[in-house]
Each structure stands twice: as structure tokens, then as C-alpha cells.
Amino acid sequence: MLRTIINLGKKLLLTIIFCALLIASIPTGHSYADYTENEIRDVQIVVRAGEWANDKQAKPGKRYNWGSDINISQHGISIKDIPTDIPLRKENNQWFISEFDINLKLARAIAKKLDSKYGVDVNLQYATSKSQDLNAAGRRAASCNPKIYLSVHHNSYKEDSTGYFFMCNEGDYNSAVMAKKLSNSMSNNKMIPQRENRVNKDGYIGELNKVAKEGRISILGEFGFFNKAEIVKICSDEYVDYVSDKVAESLYHQLQSMNGIKQAEEKTKDTMYVAEKEEPEEIRIRFTNNDYVVDNGKVVVSFK
């Protein structure tokens, strides 16, 4: 009798252990440990899907109108040329594609690769109502205290305009350097041509103004034109996959460099006061194959 009870106890214990292991192996539905959407918390990088929300009140020029019949090609473009993960929206019996959805596709791809490939703590942000304008977007991102902020947009001008470029605030040297690196990183995409980067003069882009902070990289990217010349390309899985790979890699390396600069500042805390002399001596610190210069008590990137 006692032996039977012991055997039953052993079987029960094994059953409990097996069930515990089985429960632990069940996916939680959140495969990216440090990837979150629209959370307010301190993160390393915020990636923003620009423009107003996924409502029907998209701003003029921020939608690609298709007409009342989606089966009719527009400018030689068939609806079959648009990937199925870009939703078709409808208002007043007129179908259209919103720039917001194209921005979100690319921004989400960049954020997920930053996490899954490089282990970066990243937060994807996007508007969920029309009231969340770009100024509000900047304030929301700033509250997450990121080291790097990237806002993803697509441009609209003339129907035959082409190309991508990046923008940063006027006088923000470090962001300008990073914008150039981002631009060069995707220059071989073979789909969208590279254009000259631009500067946010006189605070025209409120989003960048609200998120700007000393020591923070703040950049807005226009990843192609939202028009008949490039809409199929910017929607394509091929373009999104290539660009998100290159951009995520560049942002990761920049984050590593920024962490290195902070370490250099701590190691050279006493030495940095040399720069306060009338004729400061340039102190060069070399590590991780990058050069950094301490000038007037401040570490800045020196790229050749």
C-alpha cells in the first residue's frame, strides 16, 4: 500500500514538472523582448511612423487617390502592384492609399530589426488619432528620453519627383553626420535615388524642434515620393526589407559610438579641463575604429 502511494506521488510530481515545462514553452505572443509600440518609457531609440493617424482624414497630398473602382489602373499602376499589407481606405466612395500606412510599414520593419538583430531597446511610435499632430509626436518621443530619434516619412510634391533624403535641425552637427551616414548606407538600393540631405531651417519642422536635446540624435527621413513615380517602389517588400536592414545597422553602430563617447568622457574627465586653456590642445581618443576629439571640454565626432 505504501509502495503504491509512493509510486503515485512520483507520477504526480513528474506530471506537475511536465506541465510546468509545457506552460513555460508556450509563446507569450510578444516575440520582441525590448520592442514596444506607443509606450512611454525610457528607451535607447524611438522610431516614429510620421503623419496623422490611420483615420480617413488624411491631409491633402498625403493620400494616393485611386477612384471609385479599384480594378481600374491608375497611371499605369494596377492595385495588384501594391502589397496586401498596405490597406486600401475609402471615403465618399473613393478609394485611396494613405501615406501613414506606408510610413508604418517601414518604421515597424526598422524597429523590429533593431531589436531582433541588434538587441536595441526600441519603441515604435505612431499616431492613433488625428489630434496627435507632429508637435505632439515630438513631445511624446522626448518623454521617452531616447539617445536617437528617427521619424519615417514619404514626400509628396510633383508626380514625377523622385529620391530620398534626410533632415535634421540647423546647427545640429552630430545629427547631420548621422543623416549623411544613413543616406549613404542605402544608396545602393537600386530603386529610389539618393538626394542631398536638408536642414530644418527656422524651426520649420516642429517635430524635430520638440524632440531636440543636447547629445541626442534627431533625424527625419523622407524615404521616397508618395506619387505615381515611386509609390509601387516605396510600398514594395524588397525596398522596405533593404532599407530597414541598412538603416537599422547604421543606427545600431551610431548607438555604439555614442556609448563609447560617454565612456571616453568618463575616462578623460580630468584631462578634458586642458581644453579650457587659451590655446587648447587637441586630445585625440581612438577606439572601435573611430576617432573622437575633445575640444573645449566637449567630445565631438571627427569624421574624415
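Presented here is an overview of the structure given in this document. (Residues numbered from 1 in each chain as written. Predicted model: local features only at pLDDT ≥ 70, side-chain atom pairs only at ≥ 80, totals over all residues. Heavy atoms only, no water.)

Once that is clear, we can look at the side chain of Asp-121. With respect to the secondary-structure elements, Asp-121 resides in the loop between α2 (99-118) and β6 (122-126). Residue classification places Asp-121 among the buried residues on the basis of a relative accessible area of 18%. A polar contact of 2.9 Å, which involves the side chain of Asp-121, links it to the side chain of Arg-41. (Helix = DSSP H or I, 4+ residues; strand = E, 2+ residues; numbered from the N terminus. Buried < 20%, exposed > 50% of the residue type's maximum accessible area, 1.4 Å probe, protein only. Polar contact = N/O pair within 3.5 Å; in protein donor to acceptor, adjacent residues only side chain to side chain.)

On to the sheet that holds strand β4 (residues 89-91). If you trace the three strands from one edge of the open sheet to the other, you get β3-β5-β4, paired in antiparallel fashion. In this open sheet, the two strands that pair with only one neighbour each are β3 (63-67) and β4. Neighbour to neighbour, the strand axes of the sheet diverge by 35 degrees on average, direction disregarded. Where α2 meets the sheet, it contacts β4 and β5 (94-98), and its direction lies at approximately 35 degrees from that of β5. (Pairing = 2+ DSSP bridges. Axes fitted to C-alpha atoms, helices over the stretch in contact; angles between N-to-C directions. Contact = heavy atoms within 4.5 Å.)

Turning to helix α3 (residues 134-142), a few remarks are in order. Three or four residues apart is the spacing at which side chains of an α-helix point the same way, because the helix has 3.6 residues per turn. Within α3, burial applies to Ala-137, Gly-138 and Ala-141. Seen along its axis, α3 keeps its buried residues to an arc of 100 degrees; they face one direction. Check the buried side of α3 and you find it contacts β2 (45-49), β6, β7 (148-155) and α5 (206-211). (Arc of directions from axis to C-beta.)

Moving on, we get to the packing of aromatic side chains. What the rule picks out here adds up to five aromatic pairs. Their ring planes at 70 degrees and their centres at 6.3 Å tell us that Phe-100 and Tyr-126 sit as a pair that is edge-to-face. One end of the pair, Phe-100, is in helix α2; the other, Tyr-126, is in strand β6, with 26 residues separating them in the sequence. Each member of the pair, Phe-100 as well as Tyr-126, is classed as buried. Between the aromatic rings of Tyr-164 and Phe-166, the centroid separation amounts to 6.3 Å while the plane-to-plane angle is 75 degrees, which identifies the pairing as edge-to-face. Assessed through its relative accessible area of 0%, Tyr-164 is described here as buried. Judged by relative accessible area, which is 1%, Phe-166 ranks as buried. An aromatic cluster is defined as three or more aromatic residues linked by ring pairs; in this entry it consists of Tyr-164, Phe-166 and Phe-223. Residue placement shows Arg-63 over the ring face of Phe-96; its charged tip is 3.9 Å from the ring centre. A cation over an aromatic ring shows up here: Arg-198 above the ring of Phe-165, its NZ or CZ 4.1 Å from the ring centre. (Phe/Tyr/Trp six-rings, centres within 6.5 Å; stacked < 30°, edge-to-face > 60°. Lys NZ or Arg CZ within 6 Å of the ring centre and 35° of its normal.)

Attention now goes to the pairing of β6. By the criterion of burial, β6 is predominantly enclosed, with five of the five residues buried. Note: strand β1 (residues 35-37) against β6, three bridges, orientation parallel. Across the sheet, Thr-36 pairs through a bridge with Asn-123, a residue of β6. Pairing between β2 and β6: five bridges, direction parallel.

Turning our eyes to something else, we now look at unusual backbone geometry. With a phi close to 65 degrees, Asn-93 is a non-glycine residue in the positive phi region. Tracing the backbone shows Asn-93 in the loop between β4 and β5. Residue Asn-93 is classed as partly exposed on the basis of its relative accessible area, which comes to 46%.

A few words now on the pattern of salt bridges. Per the counting criterion, the structure on display carries 10 salt bridges. A salt bridge links Asp-101 to Arg-89; the shortest N-O distance between them is 2.8 Å. Placement of the pair is Asp-101 in helix α2 and Arg-89 in strand β4, with a sequence separation of 12 residues. For the residue pair Asp-101 and Arg-89, the accessibility class agrees, reading buried in each case. Residues Lys-117 and Asp-245 are paired through a salt bridge, measuring 3.3 Å at the closest nitrogen-oxygen approach. Within this pair, whereas Lys-117 is found in helix α2, its partner Asp-245 is found in helix α7 (residues 237-267), the two being separated by 128 residues in sequence. Through salt bridges that share partners, Lys-113, Lys-117, Asp-241 and Asp-245 make up one connected network. (Salt bridge = Lys/Arg side-chain N within 4 Å of Asp/Glu carboxyl O.)

Before going further, it helps to spend a moment on the side chain of His-153. By the element assignment, His-153 lies in strand β7. Look past the residues within four positions of His-153 in its chain and what remains in contact with it is Gly-50, Glu-51, Glu-99, Asn-103, Leu-134, Glu-207, Leu-220, Gly-221, Glu-222 and Phe-223.

Within the open sheet, the seven strands sit side by side as β1-β6-β2-β7-β10-β8-β9. Their pairing is mixed. For this open sheet the edge positions go to β1 and β9 (198-200), each flanked by a neighbour on one side alone. If you compare each strand with its neighbour and ignore which way they point, the axes differ by 25 degrees on average. Where strand β8 (residues 165-169) and β9 come together, three bridges link them in parallel fashion. For Met-167, the partnering residue across the bridge sits in β9 and is Arg-198.

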